[in-house]
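What the coordinates show
Here is how the chains run, residue by residue.
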Amino acid sequence: ETVYLFFDNDTAGHAAMDRAITLLHQHDIALKVVDYRALASSAATVKDPADVARERPQEIVGLLTSALPAMEYYFGQLLISGQDILTSPKVIIV
């Protein structure tokens, strides 16, 4: 089974995503992350999963289908942020 993480698209949501990935990864749970960028041009205007469900319910299935494996999302976020993934304290080596 796979757990899909779909948090708010703000600083607190991203921090919660990081914590959830760290916690669940320690328990060997298969994780996928719903990435708002899959909504293309409107990704910046989406605030949370409830917005998507209310305003564009037809897109939920597509978002789940395009969800990224958690580690791919996690390291992608580090690269986007410009952090050095070899020296970042956020990097988890398993």
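Refer to the structure above for everything that follows.
Residues numbered from 1 in each chain as written. Predicted model: local features only at pLDDT ≥ 70, side-chain atom pairs only at ≥ 80, totals over all residues. Heavy atoms only, no water.

Points about unusual backbone geometry
We count it as follows: Only DSSP runs of H or I reaching four residues or more are called helices, and only runs of E reaching two or more are called strands; each is numbered from the N terminus.
Despite not being glycine, D28 shows a phi value in the positive range, around 55°. Residue position: D28 is located in the loop between α1 (11-25) and β2 (30-33).

Quick look at the pairing of β2
Short version of the rule: Relative accessibility thresholds used throughout: buried, under 20% of the residue-type maximum; exposed, over 50%; partly exposed, between the two (1.4 Å probe, protein chains only). For two strands to pair, DSSP has to find at least two bridges joining them.
Burial of β2 is one-sided: the residues L31 and V33 facing one way are buried, the residues A30 and K32 facing the other way are not. In terms of strand pairing, strand β1 (residues 2-5) meets β2 through four bridges, oriented parallel. From the neighbouring strand, L5 faces β2, where its bridge partner is V33. Taken together, the two bridges between β2 and strand β3 (residues 68-69) define a ladder with antiparallel strand orientation. Along β3, the bridge assignment pairs V33 with L68.

Things to note about the sheet that holds β1
Strand order in the open sheet formed by three strands is β1-β2-β3, and the pairing between neighbours is mixed. Every interior strand has two partners, whereas the edge strands, β1 and β3, have only one.

Here's the deal with α1
Keep this limit in mind: Here a helix's expected span is defined as the number of its residues, less one, multiplied by 1.5 Å. Under this definition, polar contacts are N or O atom pairs within 3.5 Å; protein pairs additionally need one hydrogen-donor-capable and one acceptor-capable atom, and for neighbouring residues in sequence, both atoms have to be side-chain atoms.
Its 15 residues give α1 an end-to-end C-alpha distance of 21 Å, which sits within 8% of 21 Å, the value for a rise of 1.5 Å per residue. For α1, the complete set of buried residues consists of G13, A16, M17, D18, A20, I21 and L24. Measuring from the backbone nitrogen of A12 back to the side-chain oxygen at the start of α1 gives 3.3 Å, which picks out D10 as the cap.

Re the nonpolar core
Threshold: What is meant by a nonpolar core is a set of buried Ala, Val, Leu, Ile, Met, Phe, Trp, Tyr and Cys residues, joined one to another through side-chain atoms within 4.5 Å. The contact definition used throughout considers only heavy atoms, calling two residues in contact when any of these lie within 4.5 Å.
Among the nonpolar cores identified, the biggest contains 12 residues, and these are L5, M17, A20, I21, L24, L31, V33, L68, A70, Y73, Y74 and L78. Elements with a contribution of two residues or more to this core: α1, β2 and α4 (70-81). Apart from the residues within four sequence positions on either side, L31 is in contact with T2, V3, L5, I21, L24, H25, L68, P69 and A70. Residues Y36, L39, V46 and A67 belong to the second largest nonpolar core, which totals seven residues.

Topic: the side chain of D51
Inspection of the secondary structure assignment puts D51 in helix α2 (residues 49-55). Non-local contacts of D51, meaning those with residues more than four positions away in its chain, are made with V46 and R56.

Brief notes about the environment of T22
Locating T22 in the fold gives a position in helix α1. Taking the relative accessible area as the measure of exposure, T22 reaches 24% and is therefore partly exposed. Taking the C-alpha atoms as reference, T22 lies 9.6 Å from A70; in sequence the two are 48 residues apart. Here the side chain of T22 touches D18 through a polar contact of 2.9 Å, landing on its backbone oxygen.

Purely geometric numbers; function is a separate question.
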